[in-house]
Amino acid sequence: MTLKARIGERIMEDIIQQNKLVSNSKWKILVLDKLSVRIMSACCKMKDVIDEGITLVEDLSKSRQPMPTFEVIYFITPTKDSVESVIADFVVDRKYKYVHIYFTDSCPESLFKSIGQNKVTKYIKTLKEVNIAFLPYESQVFSLDCQESFEAIYSPSHLTKREKVLERIAEQLSTVCATLGEYPSIRYRHEGENSMILAQILQNKLNAFKADNPTMGEGPDKARSQLIIVDRGFDPVSVLLHELTYQAMVQDLLPIENDVYKYENQQQQGLPVKQVLLDEDDDLWVSLRHEHIAVVSQKVTTHLKNFAREKRMGGSEKTTMRDLSNMLKKMPQYQKELSKYSTHLHMAEDCMKHYSERVDKLCKVEQDLAMGNDTMGNPIKDPMKNVVHILLDSDIFASDKIRIILLYIVLRGGIQESALDKLIQHARISPGDEASIRNLNLLGVNIVQKDSNKKSGGPKLNRLEYEATYQLSRWTPLLKDVMLMTIEDKLDPKIFPFLSGRGAASSKTGARSARYQWHEKKGPSEYKSGPRLFVFVIGGMTCSEMRAAYEVTNQMRAKNQKWEVLLGKSLVLFRFDLLVPLLTEHHYAIYLLHKNKQQTRHIRSDDTCQARQRLKAMPD
């Protein structure tokens, strides 16, 4: 059972169906807040919810009409805003007949008291914590949907918020483990301070669950389950590269919002813009998302031909958008299926258009810088020669030049201040973008090299070797190495130490808490057998890292090993472009302080040849 299916089952059983046992009301209202509405949308079908007696689903943050004859189910996060909205529903008039409140996770005592001190308490029939405080994004990927966490954790101006945000992340992470019946050993990146702090807080949260349910984490091979915490600075290269697999290109190059792709039908003018949600309900998307873009269009066409042959629809050897339109006119009953093929042909062509216009000239340079060698395996002796033509090309986007500059810096382990100034000057990087380059050091990336930190750093991860199918896709995310080494018990404990010893688990049991008693419904045997490896990335992840989780899981299954890799993120970070404003907005002042110490610099358009010579002359 996939992660989404498991959560959907929990919601239906522990909230919707369980509520029918405590209430005689046939029909109820369901009210959701920002996180719970995304959880419900990802895991439950509206028809199933309605079939269980939910007559209306509403948004807690919006104005709602009073329905005093109906009972209401609030499925909400235990935050001040959500609790105050519930209380407000009963301050003046009684908006609903009776109240059933289900919190996504543990509710602070202060909010419990607030509820008890207000009028709403007279109408409460149910008050429970179901411990589902995360969003199942894909079958092996989950998100905490904590968009403010990146800024709070990495910004020097928000140090006071960091501990509170890490506490919240730990609370949410603990519900992931508890939902799946896991009590994993926790490991963290030794060089990451945030990783260690989060690991310690999380261990305390898991101990609370374990104290209530001693069988948590028991079962075949469950003692081998591990949870590894890394921060985004562990592998900046995977964020900077243009990845050429389908999902990565869609998220990086196309204007995707909330996983929705929009496009116009070129064959039928005048129709409204088509909007398509890219999720796992689309089996074609699932089968293609990790494929290299070079084969995607071909595979979509093959799927379409097989479908047409099965339905005896005919079709030419080379299927075009016009052919699809004609098929749709002949066989309107297959509109859903044909529209799916049309979407992916559009999307693949859109990706290839952006690749040809923008990315093609960048990929070889990016891969050489990332790998430190060329396609023949020869070391890059003079990386500046690789980047000079990119920086001086006025047709290349500033964000792409930033990627090249940062890849160069990562390869060198940091560069001198004067060298960075010249790179920024000749690439004509704006002041705001310059701030984003400099502030990447807040993620632990060494940008400006100084004598004191030139040779700093502990032991480094010894990379595994992979056979590259495509020369422009040679880089493999570091997290894939971490996953494989962990499963094979070869991950260096000096780089990723255990928090409290391998497999260490507290055998102590404390006072029982009513909050965690939902565990008793299910025993370990009801969960998927085999160990799990959780990898959580503070600061978001890339599509290439998501793909790695599936690749490693499939690789283990091919060996008849039951390992499952689950990848978690505090927020979505699909594109490097998303990183720029997050860093720049609150660190621009830092840049200005640095800038005031320098003279204003300009470069004229006719200075290009001279600039090229200066860049080439820069010391490596």
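As the structure is a computational prediction, the values presented were derived from the model and not from experiment.

Visitor: How do you make sense of the overall build of the protein when you look at a structure like this?
Guide: Along the backbone of the protein there are 22 helices and 13 strands. By residue count, 53% of the 620 residues in the protein fall in the buried class. Put simply, of all contacts in the protein between residues at least 6 apart along the chain, 79% involve residues at least 24 apart. By element, 50% of the accessible surface of the protein is carried by carbon and sulfur atoms, the whole surface being about 28,800 Å².

Visitor: Teacher, can you tell me more about the sheet that holds strand S8 (residues 185-188) here?
Guide: By definition, the strands of a sheet pair up through backbone hydrogen bonds, in either a parallel or an antiparallel sense. With mixed pairing, six strands are arranged side by side in an open sheet as S6-S7-S13-S12-S9-S8. In this open sheet, the two strands that pair with only one neighbour each are strand S6 (135-138) and S8. Averaged over neighbouring strand pairs, the angle between their axes works out to 25° when direction is ignored. Inspection of the sheet shows strand S7 (residues 141-143) paired to strand S13 (residues 564-569) by three bridges, in the parallel sense.

Visitor: Sorry if this is basic, but what is going on with the pattern of salt bridges here?
Guide: Per the counting criterion, the structure on display carries 36 salt bridges. In this structure, Glu 71 and Lys 125 form a salt bridge, with 3.6 Å as the shortest nitrogen-oxygen distance. Separated by 54 residues along the polypeptide, Glu 71 in strand S3 (residues 71-76) and Lys 125 in strand S5 (residues 124-129) bring together distant segments of the chain. When its relative accessible area of 42% is taken as the criterion, Lys 125 is described as partly exposed. With its nearest N and O atoms 2.5 Å apart, the salt bridge here joins Arg 474 to Asp 368. Here Asp 368 lies in helix H14 (residues 335-371) and Arg 474 lies in the loop between helix H18 (431-438) and helix H19 (478-487), a separation of 106 residues in the sequence. No difference in accessibility class separates Arg 474 from Asp 368, as the two residues are buried. Each of Glu 182, Lys 222, Arg 532 and Glu 564 takes part in a single network of salt bridges with overlapping partners.

Visitor: Help me understand the nonpolar core in this model?
Guide: When a protein is soluble and globular, its nonpolar side chains tend to lie buried together. Formed by 115 residues in total, the largest nonpolar core has its most connected members in Phe 142 and Met 483. Ranked by the residues each element gives to this core, the list is headed by helix H7 (residues 159-179), at eight residues. Grouped together as the second largest cluster of nonpolar side chains are 29 residues, Val 250, Val 296, Tyr 341 and Met 347 included.

Visitor: Hey, could you run me through helix H10 (residues 246-253) in this one?
Guide: Residues lying three or four places apart along an α-helix face the same way, a consequence of the helix completing one turn every 3.6 residues. The buried fraction of H10 amounts to eight of the eight residues, a majority that puts the element mostly inside the structure. Within H10 the residues assigned to the buried category are Tyr 246, Gln 247, Ala 248, Met 249, Val 250, Gln 251, Asp 252 and Leu 253.

Visitor: In this structure, what is going on with unusual backbone geometry? I would like to understand it.
Guide: Excluding glycine, residues mostly carry a negative phi; peptide bonds, for their part, are mostly trans. Positive phi is not limited to glycine here, since Asn 131 has a value of about 60°. Within the element layout of this structure, Asn 131 appears in the loop between S5 and S6. One non-glycine residue, Asp 489, lies in the positive phi region at around 60°. Mapped onto the elements, Asp 489 comes out in the loop between H19 and strand S12 (532-538).

Visitor: Which parts of the structure should I look at to understand the pairing of S6?
Guide: Two faces belong to every sheet, and in a regular strand the side chains alternate between them. Sheet topology places S6 next to S7; three bridges connect them, and they run antiparallel. Residue Glu 138 lies in a different strand from S7, and its bridge partner there is Val 141. Connecting S6 to the next strand, S7, in antiparallel fashion are two residues.

Visitor: Honestly, the packing of helix H17 (residues 417-427) against H18 in this entry has me stumped. Any pointers?
Guide: The description of two helices packed together rests on the angle between their axes and the distance between the axes. Remark: H17 packs on H18, axes separated minimally by 11 Å, with the N-to-C direction vectors making an angle of 145°. Judged by the twist between their axes, the crossing of H17 over H18 is right-handed. Here H17 contributes Glu 417, Leu 420, Asp 421 and Ile 424 to the contact with H18, which in turn contributes Glu 434, Ile 437 and Arg 438. For the contact of H17 with H18, the class distribution of residues is three nonpolar, no polar and four charged.

Visitor: What's the story with the packing of aromatic side chains in this structure? I'm lost.
Guide: Note on aromatic pairs: each is described by the distance of the centres and the angle between the planes. Using the criterion set out here, one finds 10 aromatic pairs in the structure. Here the aromatic rings of Tyr 74 and Tyr 96 are separated by 6.2 Å at their centres, their planes lie at 80°, and the arrangement is edge-to-face. Of the two residues, Tyr 74 sits in strand S3 while Tyr 96 sits in the loop between helix H4 (80-88) and strand S4 (99-103), which places them 22 residues apart along the sequence. Arranged with centres 5.4 Å apart and planes meeting at 25°, the rings of Tyr 261 and Tyr 263 form a pair that is stacked. The exposure classification of Tyr 261 matches that of Tyr 263, with both residues buried. Each member of the aromatic cluster is reached from another via a ring pair, and the members are Tyr 74, Phe 90, Tyr 96 and Tyr 123. The cationic tip of Arg 94 hangs over the ring face of Tyr 98; the distance from NZ or CZ to the ring centre is 5.2 Å.

Visitor: It is not clear to me how the packing of helix H1 (residues 3-22) against helix H2 (residues 34-43) should be interpreted in this structure. Could you clarify?
Guide: At a closest axis distance of 9 Å, the pairing of H1 and H2 adopts a crossing angle of 115°. In terms of axis orientation, H1 runs roughly perpendicular to H2. For the crossing formed where H1 meets H2, the hand is left-handed. Mapping the contact onto sequence places Lys 4, Ile 7, Gly 8 and Ile 11 in H1 and Ile 39, Met 40, Ala 42 and Cys 43 in H2. Classifying every residue of the contact of H1 with H2 by side-chain character gives six nonpolar, one polar and one charged.

Visitor: For this particular structure, what's the right way to read the confidence of the model for the protein?
Guide: Regions with low pLDDT carry predicted coordinates that are not meant to be interpreted in detail. A residue-level look at the protein finds 82% of positions with pLDDT of 70 or above and a mean pLDDT of 85. The model gives residues 502-527 a pLDDT under 50, and that stretch makes 55 contacts with residues more than four places away or in other chains. Counting contacts from residues 597-608, a segment whose pLDDT is below 50, to residues more than four positions away or on other chains yields 15 contacts.

Visitor: I'm lost on the environment of Lys 119 in this one. Help?
Guide: Locating Lys 119 in the fold gives a position in the loop between helix H5 (109-116) and S5. Discounting residues that sit within four places of it in the chain, Lys 119 has contacts with Phe 90, Val 91 and Val 92.

Visitor: Would you mind going over the sheet that holds S3 with me for this structure?
Guide: The strand order across the open sheet formed by five strands is S2-S1-S3-S4-S5, and the pairing between neighbours is parallel. Edge strands, defined here as strands with exactly one partner in the open sheet, are strand S2 (54-59) and S5. Direction aside, neighbouring strands of the sheet carry axes that sit 15° apart on average. Inspection of the sheet shows S3 paired to S4 by five bridges, in the parallel sense. By the bridge assignment for S4, Val 72 is matched with Val 99. Each of strand S1 (28-32), S2, S3, S4 and S5 is contacted by H1, which is oriented at about 160° to S4, the strand it contacts most.

Calculation rules
Residues numbered from 1 in each chain as written. Predicted model: local features only at pLDDT ≥ 70, side-chain atom pairs only at ≥ 80, totals over all residues. Heavy atoms only, no water. Helix = DSSP H or I, 4+ residues; strand = E, 2+ residues; numbered from the N terminus. Buried < 20%, exposed > 50% of the residue type's maximum accessible area, 1.4 Å probe, protein only. Contact = heavy atoms within 4.5 Å. Areas by Shrake-Rupley, 256 points an atom, 1.4 Å probe, with all protein chains shown as cover. Pairing = 2+ DSSP bridges. Axes fitted to C-alpha atoms, helices over the stretch in contact; angles between N-to-C directions. Salt bridge = Lys/Arg side-chain N within 4 Å of Asp/Glu carboxyl O. Core = buried A, V, L, I, M, F, W, Y, C linked by side-chain atoms within 4.5 Å. Left-handed = near helix turned anticlockwise from the far one by under 90°. Nonpolar A, V, L, I, M, F, W, Y, C, P; charged D, E, K, R; others polar. Phe/Tyr/Trp six-rings, centres within 6.5 Å; stacked < 30°, edge-to-face > 60°. Lys NZ or Arg CZ within 6 Å of the ring centre and 35° of its normal. Parallel < 35°, antiparallel > 145°, perpendicular 65-115°, else oblique. pLDDT = per-residue confidence, 0-100.

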